[in-house]
Amino acid sequence: MIIQSIELSNFRNYEREVFHFHEGTNVLYGDNAQGKTNVLEAIFVGGTTKSHKGSRDREMIRTGEKEAHLRYFIEKREKVFRVEVHMRRGGSKGIAIDGLPIRNSNELLGLSNIVFFSPEDLSIIKDGPEERRRFIDMEMCQLNKAYLFYLTQYKKILKQRNALLKQIQEKRDLRSTLEIWNGQLVEHGSKIIQLREEFVEELNGLMKRKHASLTGGKENVNISYDPNCRQQDFESRLFMEEDRDILMGTTTVGPHRDDMIFLTEDQDLRRYGSQGQKRTAALSLKMAEIEIVERSIGEKPILLLDDVLSELDRNRQNYLLENIKGIQTIITCTGLEEFVKNGINIDRTFEIIRGTSKQNETIKV
């Protein structure tokens, strides 16, 4: 799987620019605040419909413009797909695949598989549970259509149940209708819990191996799924917490409150790990993510690296670059010195200056 090209029109600081990528290593370089990360964001939007930063559509439209367009060509199993994304300041996002509009943006997920690695990925380890749930959901929704369905339905039902809880505060006779929403929430939520447990178990095995290789066997890491409630207990817990839910006007039990725990040497990495240990764990996690994608779909994903080399020491840099051979990779950095110094071949470079790009010659060392 590779991205052949992407065309940006009024996206972030780009008026109009086309990038044609090599199937190997592509490097976007230039000073800070020139628009390098915006290209990676556009690729991620083209593959997942969402910004990796969580930005809203209107925030990605060029200043002074009403609309932005992306045209994205992805090659998968010897077939090329054209994806077009149309963002409007005052309306919903429009998406078409090979010229045919899709009704639901979720239909795009899984067409391309993207692994995005940036310094901000440390937040998966060091920040709150929401970041870890977001990581699980984004990866699983790209790989498992059943999970995508259950999660989409669960979120709709959860929204309806929360609205009903607030109404019950004013109209107590509505309480009997909670049973309907409880049943649907348990039906879809139980599937989510089961699939998350299986995913994290597989991820843990891969990450342990990657981490041991990266640290020369000096450090162990484990990740475990930390569900808010067990699958078999979900229904009874909802019933037990019903009074509290009504009082608070929100659902306090369910997979929307799950977490994932990172341990190193049996200690909570989030609380006790050093910055170096957290960086190593984040790198191991991303390498495991790549392998999970390849196992699931039989193809390597597209890898986006946003200024991560400057955050890693020489050992971690070498490990990363050695393990991404054979994967189409698009990297942002300020300069090419690290590549030349480390003897790393670059298949295509793009110099980014104030929202414009200049494609340069291949660098072989």
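What comes next is a walk through the structure.

### Quick notes on the overall build of the protein chain
For the protein chain, the count of helices and strands is 12 helices and 15 strands. Since a compact globule built from 365 residues should have a radius of gyration of about 21 Å, the 22 Å found for the protein chain is in line with a globular shape. Each of the three principal axes of the protein chain carries a C-alpha extent, and together these read 70 × 55 × 35 Å. When burial is assessed residue by residue, the protein chain has 52% of its 365 residues classed as buried. In the protein chain, 70% of the contacts between residues at least 6 apart in sequence involve partners at least 24 apart. Each charge class in the protein chain was averaged separately, 56 positive and 57 negative side chains, and the resulting centres sit 3 Å apart.

### Focus: the sheet that holds strand 6 (residues 94-97)
Here 6 strands make up an open sheet; going across it, the order is 2-1-4-5-6-7 and the pairing antiparallel. The open sheet terminates on both sides in strands that have one partner only, identified here as strand 2 (14-20) and strand 7 (100-101). Two strands pair when backbone bridges link them, and strand 5 (residues 79-88) and strand 6 are joined in this way by 4 bridges, in the antiparallel orientation. Residue Val 85 lies in a different strand from strand 6, and its bridge partner there is Ile 95.

### Re the packing of helix 5 (residues 145-168) against helix 6 (residues 178-214)
Geometrically, a packed helix pair is captured by the angle between its two axes and the distance between the axes. The N-to-C vectors of helix 5 and helix 6 enclose an angle of 145 degrees; their axes lie 9 Å apart at closest approach. The handedness of the crossing between helix 5 and helix 6 is left-handed. Of the residues that constitute the contact of helix 5 with helix 6, the class distribution is 15 nonpolar, 6 polar and 3 charged.

### Things to note about the pairing of strand 15 (residues 356-360)
As paired elements, strand 14 (residues 348-353) and strand 15 share 5 bridges and run antiparallel to each other. Across the sheet, residue Ile 352 finds its bridge partner in strand 15, namely Ser 357. If you look at the hairpin formed by strand 14 and strand 15, you'll find 2 residues sitting between the two strands, and Arg 354 has a positive phi there, around 50 degrees.

### A few points about the sheet that holds strand 10 (residues 259-264)
The 3 strands are arranged 9-10-11 in an open sheet whose pairing can be described as antiparallel. The open sheet has two free edges, formed respectively by strand 9 (221-226) and strand 11 (267-268), since each of these has just one partner strand. Looking at chain direction, strand 9 and strand 10 are connected through 6 bridges and run antiparallel. Counted as the bridge partner of Ser 224 is Ile 261 from strand 10.

### Some points on the layout of surface pockets
Each pocket or cavity is described by its volume, and for the largest pocket that value is around 830 Å³. Contributing elements (two or more residues each) for the lining of the largest pocket: helix 4 (129-143), helix 5 and helix 6. Class assignment for the residues of the lining of the largest pocket results in 9 nonpolar, 9 polar and 11 charged. Empty space within the second largest pocket amounts to approximately 400 Å³. What lines the second largest pocket is a set of 21 residues, and nearest its centre among them are His 52, Phe 116, Asp 121, Arg 134 and Lys 286. At the level of secondary structure, the elements contributing two or more residues to the lining of the second largest pocket comprise helix 1 (36-48), strand 8 (114-117), helix 3 (122-126), helix 4 and helix 10 (275-297). Of all the elements, helix 4 adds the most residues to the lining of the second largest pocket, at 6 residues. Residue composition of the lining of the second largest pocket, by class: 7 nonpolar, 5 polar and 9 charged.

### Some details on the pairing of strand 5
Bridging between strand 4 (residues 67-76) and strand 5 involves 10 bridges; their strand directions are antiparallel. From the neighbouring strand, Glu 67 faces strand 5, where its bridge partner is Arg 88. Between strand 4 and strand 5, which pair antiparallel one after the other, the connecting turn spans 2 residues, and Arg 77 there sits at a positive phi close to 50 degrees. Here strand 5 folds back onto strand 6, and the loop between the two strands holds 5 residues.

Cut-offs and rules
Residues numbered from 1 in each chain as written. Predicted model: local features only at pLDDT ≥ 70, side-chain atom pairs only at ≥ 80, totals over all residues. Heavy atoms only, no water. Helix = DSSP H or I, 4+ residues; strand = E, 2+ residues; numbered from the N terminus. Rg over C-alpha atoms; globule rule 2.2 N^0.38 Å. Buried < 20%, exposed > 50% of the residue type's maximum accessible area, 1.4 Å probe, protein only. Contact = heavy atoms within 4.5 Å. Lys, Arg positive; Asp, Glu negative; His and termini not counted. Charge placed at Lys NZ, Arg CZ, Asp CG, Glu CD. Pairing = 2+ DSSP bridges. Axes fitted to C-alpha atoms, helices over the stretch in contact; angles between N-to-C directions. Left-handed = near helix turned anticlockwise from the far one by under 90°. Nonpolar A, V, L, I, M, F, W, Y, C, P; charged D, E, K, R; others polar. 1 Å grid on protein atoms, 1.4 Å probe; cavity = no way out; pocket = protein on both sides within 12 Å on 5 of 7 lines; lining within 4 Å. Points joined across faces, edges and corners; volume = space filled by probe spheres on them.

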